[in-house]
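Secondary and tertiary structure notes
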Amino acid sequence: KNEVEQSPQNLTAQEGEFITINCSYSVGISALHWLQQHPGGGIVSLFMLSSGKKKHGRLIATINIQEKHSSLHITASHPRDSAVYICAVRPVYNNNDMRFGAGTRLTVKP
Amino acid sequence: DGGITQSPKYLFRKEGQNVTLSCEQNLNHDAMYWYRQDPGQGLRLIYYSQIVNDFQKGDIAEGYSVSREKKESFPLTVTSAQKNPTAFYLCASSTQGAETQYFGPGTRLLVL
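Residues numbered from 1 in each chain as written. Chains lettered and ligands numbered in written order. Predicted model: local features only at pLDDT ≥ 70, side-chain atom pairs only at ≥ 80, totals over all residues. Heavy atoms only, no water.

To continue, consider the environment of Q36 of chain A. All names here are of chain A. Examined against the element boundaries, Q36 turns out to sit in strand β4 (residues 29–37). Overall, the relative accessible area of 11% leaves Q36 in the buried class. For the pair Q36 and R105, spaced 69 residues apart in sequence, the C-alpha to C-alpha distance is 9.9 Å. The residues touching Q36, leaving out its near neighbours within four places in the chain, are G42, I43, V44, L46, D81, A83, V84 and Y85. (Helix = DSSP H or I, 4+ residues; strand = E, 2+ residues; numbered from the N terminus. Buried < 20%, exposed > 50% of the residue type's maximum accessible area, 1.4 Å probe, protein only. Contact = heavy atoms within 4.5 Å.)

Next up on the list: the interface of chain B and chain A. Counting residues at the interface gives 20 residues for chain B, matched by 20 residues for chain A. Summed over both partners, the interface of chain B with chain A buries about 1600 Å², with 49% contributed by carbon and sulfur atoms. By the criterion of area lost to chain A, the three top residues of chain B are L43, E99 and F103 of chain B, representing 34% of everything that side buries. Residues R99 of chain A and D59 of chain B are paired through a salt bridge, measuring 2.9 Å at the closest nitrogen-oxygen approach. The tally of links from chain B across to chain A stands at two residue pairs in polar contact (both at pLDDT 80 or more). Elements with a minimum of two residues in the side of chain B that touches chain A: β4 (31–37), β5 (44–51) and β9 (87–94) of chain B. Here the side of chain B that touches chain A is composed, by residue class, of 10 nonpolar, eight polar and two charged. (Buried area = accessible area lost by both parts, 1.4 Å probe. Salt bridge = Lys/Arg side-chain N within 4 Å of Asp/Glu carboxyl O. Polar contact = N/O pair within 3.5 Å; in protein donor to acceptor, adjacent residues only side chain to side chain. Nonpolar A, V, L, I, M, F, W, Y, C, P; charged D, E, K, R; others polar.)

Let us look at the pattern of salt bridges. In this structure the tally under the stated criterion is seven salt bridges over all chains. For R58 of chain A, the salt bridge is made with D81 of chain A, and the minimal N-O distance between the two is 2.9 Å. Within this pair, whereas R58 of chain A is found in the loop between β6 (52–56) and β7 (59–64), its partner D81 of chain A is found in the loop between β8 (69–74) and β9 (83–91), the two being separated by 23 residues in sequence. Of the charged contacts in the structure, one is a salt bridge between K71 of chain B and D30 of chain B, with a shortest N-O distance of 3.4 Å. Of the two residues, K71 of chain B sits in the loop between β7 (64–66) and β8 (76–78) while D30 of chain B sits in the loop between β3 (19–25) and β4, which places them 41 residues apart along the sequence. The partly exposed category is assigned to K71 of chain B, whose relative accessible area is 23%. One connected set of salt bridges, linked through shared partners, spans E3, D97 and R99 of chain A together with D59 of chain B.

What follows is the structure, encoded as structure tokens:
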């Protein structure tokens, strides 16, 4: 079983819809990251969370440490949000390591 | 501009051939990483280096080798021992102890 599970694997939405992507993990962590991978393959970091909630523009990330769960929300989705969103955690058992989810492919249609 | 670069963007390997993927960063980061990405799977760590002239194996190091002779550079060699090399390879870097890694644009390796 993967240490990081994401759902859904694929998500198609209409422009303007509210999007939620979920991430569950099974190990103790020092931090959780949400990453965005565009069709060309490059990856950018969106958020790093260790507790609570963070907001950047139309993106909101939350984490519940007790439940080992995080969500990434996109409000007023736009076709340019189409990308693969990846959840990654840094386990407390190895501070040099990151464990990655398989990603959620989001397509936003105009 | 500061950043992390990888070359080439696409690389073709013949059977039995070793190929080397380049990764360079001018962010003055101490730590560098190589990941492999396969369809439907999360990124998996191949090797990482926290300091010049030192590197550690990740989860899937077999069939790969690295060197870290300079702080800016962390090349990855895919050897003939790697029987399934077709994948997307991503290099990343970070400051020591930092949580956030910065990723390069990736190299797609294909077998002829």
